[in-house]
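Here is how the chains run, residue by residue.
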Amino acid sequence: MGLSENIKGIHHVSVSAYDGETASRWYQENLGFELVQKKITAMNGKTEFFLLRKGNLLVELVQPHGRLREETRLRKTGVLDHYAIDTADLDVQAERALRKGMTLHGSTPDGITSYPHLGRNGVKGINFTGPEGEVIEFCHDESTDYSGKTGLLGFAHLALKALSLERTEEFYVRMGFRKTGEGYLLAPDGKIRVAFLEHQGYVLEIIETDKGGSLEEKERGGRIDHFALEVSDVREALYQAQKAKLPLLNHVIQELPLMEQGVKYFFVQGPDGERIEFVEIVSNV
């Protein structure tokens, strides 16, 4: 079994949190997420995890303690730019979010924004700032049939800033992703190339930053710490990652007492410094 066949799809998006309790309430009260687990572990002395679910989207809030907690305040930049929630009735949900007092992100200062050069028929979106500074997009794909659906539906995509579109595409293709579309964003100093890659329902939006775009677009983000791909067999995935010469951040399998029976995982580093977790959910079967 190769690495591509081992990957089952998205597992979670992880956000560094200074105040996990407050951030957890924000997700529940504003976006309708369900808190599925709160756990304190001995990782790095003491770390609190808050797992929240909305449809097929699992957000992991990670609050370290001591010096590491203070360092979360200093995070300003990162290549994991934002994550997007698939939204059926975008106008309604955007208005509802604004009434709740959610803060518009500076990337969409006028509210709902059209991106006619993305996807088959264009995309509309609006970006909000989350409780820890993360960027959350409500995304409506004009090529999707939302008949009979309302509200925030679940995972749409994770956006990754890349210095080279081709280099990043090649890296993820090695992991089994395939290119499903491309387009561009208009910026004051030119066009920003964008590509979409998909594997097992997990969509990455790759945004090239070295050919155009404002300084704000290049530097925003950073609160999204990593994203996780669920695998069937983590030891086999580690072997396949070694065989494929992926840059390993862990050379042995790590374990945490999360979910019902625990998780086993390891990290690799992507071409632009992003951290990618491969995680197996331990079963008692």
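Thresholds, definitions, all that
- Residues numbered from 1 in each chain as written.
- Predicted model: local features only at pLDDT ≥ 70, side-chain atom pairs only at ≥ 80, totals over all residues.
- Heavy atoms only, no water.
- Salt bridge = Lys/Arg side-chain N within 4 Å of Asp/Glu carboxyl O.
- Helix = DSSP H or I, 4+ residues; strand = E, 2+ residues; numbered from the N terminus.
- Buried < 20%, exposed > 50% of the residue type's maximum accessible area, 1.4 Å probe, protein only.
- Phe/Tyr/Trp six-rings, centres within 6.5 Å; stacked < 30°, edge-to-face > 60°.
- Pairing = 2+ DSSP bridges.
- Axes fitted to C-alpha atoms, helices over the stretch in contact; angles between N-to-C directions.
- Contact = heavy atoms within 4.5 Å.
- pLDDT = per-residue confidence, 0-100.

The final tally for this structure, using the stated rule, is 13 salt bridges. Across the salt bridge formed by Arg 193 and Glu 166, the nearest N and O atoms sit 2.9 Å from each other. With a gap of 27 residues between them, Arg 193 in strand β12 (residues 190-199) and Glu 166 in helix α5 (residues 165-174) connect regions that are remote in the sequence. Take Arg 193: its relative accessible area is 31%, and that puts it in the partly exposed class. Across the salt bridge formed by Lys 179 and Glu 169, the nearest N and O atoms sit 3.4 Å from each other. Placement of Lys 179 in strand β11 (residues 178-187) and of Glu 169 in helix α5 is noted, with a sequence separation of 10 residues between them. What you see here is one network of salt bridges that share partners, running through Glu 166, Arg 193 and Glu 208.

The next subject is the packing of aromatic side chains. Here the structure, examined in full by the defined rule, presents 10 aromatic pairs. Aromatic side chains Tyr 265 and Phe 267 sit 5.8 Å apart centroid to centroid with 85 degrees between the ring planes, which places their arrangement in the edge-to-face category. Accessibility assignment for this pair places Tyr 265 and Phe 267 in one class, buried. Seen in terms of ring centroids, Phe 266 and Phe 278 are 5.1 Å apart; in terms of plane orientation they differ by 15 degrees. Their pairing is stacked. With Phe 266 in strand β16 (residues 263-269) and Phe 278 in strand β17 (residues 275-281), the pair connects residues that are 12 residues apart, well separated along the chain. Residue classification places Phe 266 among the buried positions, given a relative accessible area of 0%. Members of the aromatic cluster, connected to one another through ring pairs, are Phe 155, Phe 171, Tyr 172, Phe 177, Tyr 202 and Phe 227.

Here the focus is the pairing of β12. If a strand is regular, its side chains alternate between the two faces of the sheet. Counting buried residues along β12, seven of its 10 residues qualify, which places the element largely inside the surrounding structure. Taken together, the nine bridges between β11 and β12 define a ladder with antiparallel strand orientation. The residue of β12 that forms the bridge with Arg 178 is Glu 198. Between β11 and β12, which pair antiparallel one after the other, the connecting turn spans two residues. Of the strand pairs in this sheet, β12 and strand β13 (residues 202-208) are connected by six bridges, and their pairing is antiparallel. Pairing of Ala 195 across the sheet is with Ile 206, part of β13. Between β12 and the antiparallel strand that follows it, β13, lie two residues; Gln 200 among them carries a positive phi value of about 55 degrees.

It is worth spelling out the sheet that holds strand β4 (residues 57-64) at this point. As summarised here, the arrangement of the eight strands in space is β2-β3-β4-β1-β14-β17-β16-β15, forming an open sheet in which the pairing is mixed. Every interior strand has two partners, whereas the edge strands, β2 (34-41) and β15 (254-256), have only one. Averaged over all pairs of adjacent strands, the angle between their axes in this sheet comes to 30 degrees, without regard to strand direction. The pairing of strand β1 (residues 7-16) with strand β14 (residues 224-231) spans seven bridges and is classified as antiparallel. When the bridges of β14 are listed, Val 15 appears paired with Ile 224. Across the face of the sheet, helix α7 (residues 234-243) comes into contact with β14, β16 and β17 while running at roughly 15 degrees to β16.

It is worth spelling out the confidence of the model for the protein chain at this point. The pLDDT averaged across the protein chain works out to 89; a share of 93% of its residues lies at or above 70. Helix α6 (residues 215-219) is the least confidently modelled element of the protein chain, averaging 44 in pLDDT, while helix α4 (residues 90-99) averages 97, the highest of any element. Confidence over residues 212-221 falls short of pLDDT 50; this stretch has 33 contacts with residues more than four positions distant or in other chains.

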